[in-house]
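Descriptive analysis of the structure
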Amino acid sequence: MKSGKSERFSFYSFTLLPVVFLAALLVGGLFLISCTGAQPTPTPPAPTPTPAPTPTAIDAAKLFATNCAVCHGEKRQGISGLAPALTPTSLTKLSDAEVGSTILKGRSNTAMAGFEGRLSSEEIDALVQLIKRTSP
Ligand code: HEC
């Protein structure tokens, strides 16, 4: 039977000490990592996205305001003695194609001039959708 004293000695010196040593290494290592590895790397500021005016993004309301409102009114209500209203209600008798060709070719012998060459067919389509589908 071994003496308790020598057993305790061997326990501390050969089992506990290496464990303590490893634990100290681990804690020290983690501390080092937290100091160096976790440094926030300065990220360059993200380039601000400039909204490039793409030809597909047509702002029909803006087109109307710049090209049509002067005669047909800001709110498409029409201007008495100048030009008729351009609303889904006022345009029920005209098909999309007729409205489109009116914008493209104009109406002869009236103030309504054609926008051929000034507006693209996509822009005219957008205007047709605006005045035939949306209420002012
Ligand atoms: C210089 C004034 C003027 C401008 C600018 C103008 N119009 Fe006209 N527009 C008229 C007049 C006047 C008429 C009525 C023609 C007639 O008597 O048939 C008319 C008629 C129309 C009609 C037919 C309406 C109907 O009930 O028969 C449409 C559609 C139309 N315009 C769309 C437009 C659009 C879209 C624009 C802008 C891109 C525009 N117009 C710009 C004067 C103008």
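What you see is a predicted model, and the numbers here were worked out from it, not measured in a lab. (Residues numbered from 1 in each chain as written. Predicted model: local features only at pLDDT ≥ 70, side-chain atom pairs only at ≥ 80, totals over all residues.)

Quick word on the overall build of the protein chain
Regarding its fold elements, the protein chain presents five helices and zero strands. In sequence order, the secondary structure elements of the protein chain are arranged as α-α-α-α-α. Counting all 136 residues of the protein chain, 10% fall into the buried class. Within the protein chain, contacts between residues separated by at least 24 positions form 58% of all contacts whose residues are at least 6 apart in sequence. (Helix = DSSP H or I, 4+ residues; strand = E, 2+ residues; numbered from the N terminus. Buried ≥ 20, exposed ≤ 12 C-beta atoms within 10 Å, placed from the backbone. Contact = placed C-beta atoms within 7 Å.)

A few points about the site of the ligand
Close to the ligand lie 20 residues, the nearest being Asn-67, Cys-68, Cys-71, Ala-83 and Met-112. For the shell around the ligand, the elements supplying multiple residues, two or more each, are helix 3 (69–72) and helix 4 (96–105). Along the lines of polarity and charge, the residues of the shell around the ligand split into 14 nonpolar, five polar and one charged. (Near = placed C-beta within 6 Å. Nonpolar A, V, L, I, M, F, W, Y, C, P; charged D, E, K, R; others polar.)

With respect to the nonpolar core
Judged by nonpolar contacts, Ile-58, Phe-64, Cys-68, Leu-86, Leu-91, Ile-103, Ile-124, Ala-126, Leu-127, Val-128, Leu-130 and Ile-131 together constitute the single largest core of 12 residues. At six residues, helix 5 (residues 121–133) tops the list of elements feeding residues into this core. The contacts of Leu-127, once residues within four sequence positions are left out, are Ala-60, Leu-63, Phe-64 and Ile-103. (Core = buried A, V, L, I, M, F, W, Y, C linked by C-beta atoms within 7 Å.)

Remarks on the packing of helix 2 (residues 60–67) against helix 5
At a minimum axis separation of 9 Å, helix 2 and helix 5 run at an interaxial angle of 95 degrees. For the element pair helix 2 / helix 5, the angle class is roughly perpendicular. Of the residues in helix 5, those touching helix 2 at Ala-60, Ala-61, Leu-63 and Phe-64 are Glu-123, Ala-126, Leu-127, Gln-129 and Leu-130. (Axes fitted to C-alpha atoms, helices over the stretch in contact; angles between N-to-C directions. Parallel < 35°, antiparallel > 145°, perpendicular 65-115°, else oblique.)

Some points on the environment of Arg-107
In this structure, Arg-107 sits in the loop between helix 4 and helix 5. Judged by C-beta crowding, with 10 C-beta atoms within 10 Å, Arg-107 ranks as exposed. Residues within four places of Arg-107 in sequence aside, it is in contact with Thr-102 and Met-112.

Brief notes about the packing of helix 4 against helix 5
Close contact between helix 4 and helix 5 brings their axes to 9 Å; oriented N to C, the two are set at 125 degrees. Accordingly, the angle class assigned to the pair helix 4 and helix 5 is oblique. The handedness of the crossing between helix 4 and helix 5 comes out as right-handed. On helix 5, the residues touching Asp-96, Val-99, Gly-100, Ile-103 and Leu-104 of helix 4 are Ile-124, Asp-125, Leu-127, Val-128, Ile-131 and Lys-132. Residue classes in the contact of helix 4 with helix 5 are distributed as seven nonpolar, one polar and three charged. (Left-handed = near helix turned anticlockwise from the far one by under 90°.)

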